[in-house]
Amino acid sequence: MATQQQRTPAIDVLIAGGGYVGLCTALALKQGAPSLAIAVVDPAPAGSGARDGRASAIAAAAKRMLGTLGIWDKIVDTSQPIHEMIVTDSRLRDAVRPVFLTFSGSVDDGEPFAHMVPNGALVGALSEACRDAGVELITGDSVADFVTRASAVEAKLGSGRTISARLLVAADGARSRLRDLAGIRTVGWDYGQSGIVTTVQHERPHHGRAEEHFLPAGPFAILPLPGNRSSLVWSERSEHAERLVAADEFTFQLELERRFGHHLGPIEAIGPRRAYPIGLKLARSFIAPRVALVGDAAHAIHPIAGQGLNLGFKDAAALAETVVDAARLGLDPGTLDILERYERWRRFDTVQMGIVTDGLTRLFSNDNPALRILRDVGLGLVDRLPRLKDSFIGAASNVGQAGPRLLRGEAI
């Protein structure tokens, strides 16, 4: 038990997890209600997130939120707009991959529907903005346990320090310890796939075009980065993915070229390669007494639609608006009646996206001839219906949907 000297004064919101979703939640809360006392606890050492060499797709709505929070101007020079996207459906042995669907990559006034952003730049900018705004950043530590009281959560950190907060936000990832401690169960399953992530350098420019190749083992996504570089999200059967990640450079290069092709000239993997298991996991509830889940702690979906991170940003925007509105009315933001607004706001959208990505995975990650004909005909029809294509772009960008003000580019 921590001593009285180890206790800190009560704060309003304690966020467990210092990734982009946790930091974005903290910054949105602090900018919306500067009087709120906010702290973020992250097990990673200070500055480690800024060294993350991976990149993520940021939808237009999330980009507008980052702009409103003052982050976008700090990272725009490191970003790559996606101007076009093509979709193919083929087998590895096919000599030609016909394009069944092409998307123009713009929404309102030519705004790109998404940007690729380096993870390190994004986390670094968010961390700096949080510090400047007065958010307490506690690094190299984690929330090991907590006890819910009538008016606060007593969170015990791994270091032995105890923090009392009116609301505890779990932003600690898909294997969330806090979700388990709160007694929140999940529903989901494993797809038997793993996602290989790496960066590739190529001879010819990509011109901002993203590619999604549906292959029998899973989707192979080529996402443009600044310069003649692309980020890969390569889905494979788990046992094969493990062998590929562990393979020598020559073997990996051969397998990479079979999937990537030669349309951008000679290619070379220039970043570390990592594999992570792919599955669907949805929390049965997004809240518990004085606890709220955000990001992967609330939902982990297949990367087939590239919406995982953007769902987390939606969580951050919705929770921040809910808490700030309550604070302005002098209400306790940790009570269930306040948190239920957040859950109503986010749960349907998340479940809907989980169903969509699950259906797409089952439809495309196979070599069934009947399903192949069905999906290729469907893709071809969509390609010939401009209004339907525009609706897909709108869904991918999250623009034009009713939702939190930050996602519309408006301050809370």
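Everything discussed here concerns the structure shown above.
Here the structure is a predicted model, which is why all the values come from computation and not from measurement.

**Some remarks on the overall build of the chain**
The helix and strand tally for the chain stands at eleven helices and 20 strands. Taken over C-alpha atoms, the radius of gyration comes to 22 Å for the chain, in line with the 22 Å a tight globule of 412 residues would show. With respect to the principal axes defined by its C-alpha atoms, the chain has extents near 70 × 45 × 40 Å. A buried classification covers 54% of the 412 residues belonging to the chain. Sequence-distant contacts in the chain: of pairs separated by 6 or more residues, those separated by 24 or more amount to 73%. By element, 55% of the accessible surface of the chain is carried by carbon and sulfur atoms, the whole surface being about 17,700 Å². Across the chain, the 45 positively charged side chains and the 46 negatively charged ones have centroids separated by 3 Å.

**Points about the nonpolar core**
With 96 residues, the main nonpolar core has L14, I15, L29, I71, L122 and F313 as its most contacted residues. Apart from residues no more than four positions distant in its own chain, I15 is found in contact with G22, T25, A26, L29, I38, A39, V40, V41, V169 and A171.

**Comments concerning the sheet that holds strand β4 (residues 80-81)**
Across the sheet, which stays open at both edges, the three strands sit in the order β3-β7-β4 with antiparallel pairing between neighbours. Looking at which strands have only one partner, the edges of the open sheet turn out to be β3 (55-59) and β4. Here five bridges tie β3 to strand β7 (residues 114-118), and the two strands are oriented antiparallel to one another. From the neighbouring strand, S56 faces β7, where its bridge partner is V117. Against the sheet, helix α2 (residues 60-68) contacts β3 and β7, and its axis sits at roughly 90 degrees relative to β3.

**Examining the environment of D145**
Structurally, D145 is set in strand β9 (residues 143-148). When the C-alpha positions of D145 and R177 are compared, they lie 8.7 Å apart, and in sequence the two are 32 residues distant. Non-local contacts of D145, meaning those with residues more than four positions away in its chain, are made with E154, A155, K156 and L181.

**Observations concerning the pattern of salt bridges**
Scanning all chains against the criterion turns up 21 salt bridges. For E321, the salt bridge is made with R341, and the minimal N-O distance between the two is 3.9 Å. Taken together, the positions of E321 in helix α8 (residues 308-328) and R341 in helix α9 (residues 336-364) put the pair 20 residues apart, joining distant regions of the chain. Take E321: its relative accessible area is 4%, and that puts it in the buried class. When its relative accessible area of 31% is taken as the criterion, R341 is described as partly exposed. Each of E236, E255, R258 and R259 takes part in a single network of salt bridges with overlapping partners.

**Focus on the environment of S159**
Tracing the chain through its elements places S159 in the loop between β10 (153-157) and β11 (162-170). Accessibility expressed as a relative area gives 49% for S159, which makes it partly exposed. As for S159 and I301, which are separated by 142 residues in sequence, their C-alpha atoms are 33 Å apart. Within the local environment of S159, its side chain forms a polar contact with the side chain of D141, the two groups lying 2.4 Å apart.

**Examining the pairing of β10**
Across the two faces of β10 the burial differs, with V153, A155 and L157 buried and E154 and K156 not buried at all. Pairing between β9 and β10: five bridges, direction antiparallel. Looking across to β10, one finds that T148 is bridged to V153. Bridge count between β10 and β11: four bridges; the pairing is antiparallel. Each residue of the ladder has a partner; that of A155, found in β11, is I163. Hairpin remark: β10 followed by β11, antiparallel, with four residues in the connecting loop; positive phi at G160, about 100 degrees.

**Describing the packing of aromatic side chains**
In this structure the tally under the stated criterion is three aromatic pairs. On the basis of an interplanar angle of 40 degrees and a centroid distance of 5.5 Å, the ring pair of W234 and F252 is categorised as tilted. Here W234, found in strand β15 (residues 229-237), pairs with F252, found in helix α7 (residues 249-260); they are 18 residues apart in sequence, far enough to count as distant. Across the pair, exposure class does not vary: W234 and F252 are buried alike. Residue placement shows R273 over the ring face of F252; its charged tip is 4.1 Å from the ring centre.

**Details of α2**
Turning to α2, its buried residues number three or more, namely A60, A61, A62, K63, M65 and L66. Downstream of α2 by one or two residues, G70 has phi in the positive range, about 80 degrees.

**Side note on the packing of helix α1 (residues 20-32) against helix α4 (residues 119-133)**
Axis separation between α1 and α4 bottoms out at 9 Å; the angle between their running directions is 30 degrees. It follows that α1 is roughly parallel to α4 by the angle criterion. Here the hand of the crossing between α1 and α4 comes out left-handed. Here α1 contributes Y20, L23, C24, A26, L27 and K30 to the contact with α4, which in turn contributes N119, L122, V123, L126, S127, A129, C130 and A133. Taken together, the residues that form the contact of α1 with α4 break down as eleven nonpolar, two polar and one charged.

**Points about unusual backbone geometry**
Despite not being glycine, H207 shows a phi value in the positive range, around 55 degrees. Along the polypeptide, H207 turns up in the loop between β12 (186-202) and β13 (209-215). Residue H207 is classed as exposed on the basis of its relative accessible area of 65%. Although it is not a glycine, R290 sits at a positive phi angle of roughly 65 degrees. Here R290 lies in the loop between β18 (287-288) and β19 (291-293). A relative accessible area of 5% means that R290 is categorised as buried.

Reading guide: rules and limits
- Residues numbered from 1 in each chain as written.
- Predicted model: local features only at pLDDT ≥ 70, side-chain atom pairs only at ≥ 80, totals over all residues.
- Heavy atoms only, no water.
- Helix = DSSP H or I, 4+ residues; strand = E, 2+ residues; numbered from the N terminus.
- Rg over C-alpha atoms; globule rule 2.2 N^0.38 Å.
- Buried < 20%, exposed > 50% of the residue type's maximum accessible area, 1.4 Å probe, protein only.
- Contact = heavy atoms within 4.5 Å.
- Areas by Shrake-Rupley, 256 points an atom, 1.4 Å probe, with all protein chains shown as cover.
- Lys, Arg positive; Asp, Glu negative; His and termini not counted.
- Charge placed at Lys NZ, Arg CZ, Asp CG, Glu CD.
- Core = buried A, V, L, I, M, F, W, Y, C linked by side-chain atoms within 4.5 Å.
- Pairing = 2+ DSSP bridges.
- Axes fitted to C-alpha atoms, helices over the stretch in contact; angles between N-to-C directions.
- Salt bridge = Lys/Arg side-chain N within 4 Å of Asp/Glu carboxyl O.
- Polar contact = N/O pair within 3.5 Å; in protein donor to acceptor, adjacent residues only side chain to side chain.
- Phe/Tyr/Trp six-rings, centres within 6.5 Å; stacked < 30°, edge-to-face > 60°.
- Lys NZ or Arg CZ within 6 Å of the ring centre and 35° of its normal.
- Parallel < 35°, antiparallel > 145°, perpendicular 65-115°, else oblique.
- Left-handed = near helix turned anticlockwise from the far one by under 90°.
- Nonpolar A, V, L, I, M, F, W, Y, C, P; charged D, E, K, R; others polar.

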